[in-house]
Amino acid sequence: MTNTMEKTACAAIIILLLAGCQTDSRNLVLATSESQVALRSIQSRVFDTTDKAKTQRTIIATLQDLGFVIDKADATLGTVSATKLNGYAMRMTVSVRDHGAKQTLVRASAQYNQTAIEDPVPYQQFFTALEKAMFLTAQQVD
Amino acid sequence: MKSIKKVSVFAVVCLSLIACQGGVPKEALELSPESLQQRQQQTRRFDTNNEAKLLTSGAQVLQDLGFTIEDSETKLGMIAASKDRDATEAGQVVGAILLTLLTKQAQAIDDKQKIRVSLITRPASAKETLVRVTFQRVVWNTRGQVSKTEPLDDPKLYQEFFSKLSESVFLTANEI
C-alpha cells in the first residue's frame, strides 16, 4: 500500500516539476522576465561618436575577438548578428542608432542556448570589451 | 531502501531545476588571454586599400572551398558562409562498433556537420586592409543530437585559407 502511494507521489512530484517549468511554450513569443525598461538599460550604452559605420565595424571586430562568427550585418539597419559555439551556442544581435546629434546608442541582446540573457554581467563584459576597441567610454543611457 | 528513494527524488528535483535554467559561463563575453593570439592567427594584412577587391576574392575562395554564401554586407566588409558535410570519423566508427559489441547497445557516432565561417575586411591605414576569418562548426550524431559545438582553432586551417586568398588576390598575406 505505502509502496504504491510512494510511487504515485513520486510520479506526481516529477510531473509537477516538469509542468512548473512551462505551461504553453507559445507564450514565449512575446515573453520577457525583466521589465522592458530595466532590460533596455542593461543592454544599452551610449558612445560619444556619430560615425555609425565605424562603430559597427568595431562591434564586428569585438565580437570576433570574443570568438563569435558573424552571421549577418546590415549597414542601413545598423544591426550585426553573430554566433559563438564553444560547447554551447550563444547568439547575439547588436544594433547601432543615433542618440541625439552627437552620440550613438549601442544595444546588445543575447541568448544562451535556449534562454535569453537578462543578467547584467554578460552585457557589462561585452561593453567593457567594446569600449576598449572603440577607445571611447561606454556611458549608461540617461 | 527508503533513503535511496529520498536520494532519487532529490536527484530528480535537482535535475528539473537545472533543466529550467542554464547559467552563462563567466568567460563567454570576456576577452581571454588567448584572444590576442587568436586574432593574430585569424588575421592577415594586405597592402591594398581596395576592400571590394579583397571581399570579391574572399567570396571566390569560399566558393572554391564549397561554402554557400549566407549573407554579405560590402559596406561593412562582411561575408558569412557555411557548408554541410559528412562528419563520420573512422576511429569513432571502430570505437562505436567495439562498444556496441561490449554493451549490446547501439552507440551514436558523429554523422553530419555544419561548418560556418565569417570573413571580415577592415581598413588598417590608407594603404592597408586587414582580413580576419573565423571558422566554427556544429556536429550532429547518428541520433540527430548535437554532439559538438566548437570553434575551429587549428593554425594550419588559417594558414591554408590565407595562402589561397593571397593567390586569388595576387597580393601577399602579411602577418599582423
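Heads up: these notes are all about the structure in this document. From a predicted model like this one, the values you see are computed outputs, not experimental measurements. (Residues numbered from 1 in each chain as written. Chains lettered and ligands numbered in written order. Predicted model: local features only at pLDDT ≥ 70, side-chain atom pairs only at ≥ 80, totals over all residues.)

### Looking at the environment of A59 of chain B
All names here are of chain B.
1) Next: By the element assignment, A59 lies in helix α3 (residues 51-64).
2) Next: For A59, a count of 18 C-beta atoms within 10 Å puts it in the partly exposed group.
3) Next: Considered as a pair, A59 and K127 are 68 residues apart in the sequence and their alpha carbons are 22 Å apart.
4) Next: With sequence-adjacent residues up to four places away left out, A59 is seen in contact with I69 and I79. (Helix = DSSP H or I, 4+ residues; strand = E, 2+ residues; numbered from the N terminus. Buried ≥ 20, exposed ≤ 12 C-beta atoms within 10 Å, placed from the backbone. Contact = placed C-beta atoms within 7 Å.)

### Concerning unusual backbone geometry
1) Next: Of note, the phi angle at F135 of chain A is positive, near 55°, even though the residue is not glycine.
2) Next: Positionally, F135 of chain A belongs in the segment after α4 (120-134).
3) Next: Even without being a glycine, K104 of chain B presents a positive backbone phi close to 60°.
4) Next: Within the element layout of this structure, K104 of chain B appears in the loop between α4 (90-103) and β4 (110-123).
5) Next: Judged by the 7 C-beta atoms lying within 10 Å of it, K104 of chain B is exposed.

### A look at the interface of chain B and chain A
1) Next: Each partner contributes to the interface: chain B provides 34 residues, whereas chain A provides 39 residues.
2) Next: Counting only elements with at least two residues in the side of chain B that touches chain A, the list comes to α1 (2-20), α2 (35-42), β2 (68-73), β3 (78-86), β4, β5 (129-141) and β6 (146-151) of chain B.
3) Next: With seven residues, α1 of chain B is the single largest residue contributor to the side of chain B that touches chain A.
4) Next: Class assignment of the residues belonging to the side of chain B that touches chain A gives a composition of 16 nonpolar, eight polar and ten charged. (Nonpolar A, V, L, I, M, F, W, Y, C, P; charged D, E, K, R; others polar.)

So, to be careful, I would describe these as geometric facts and stop short of saying anything about function.
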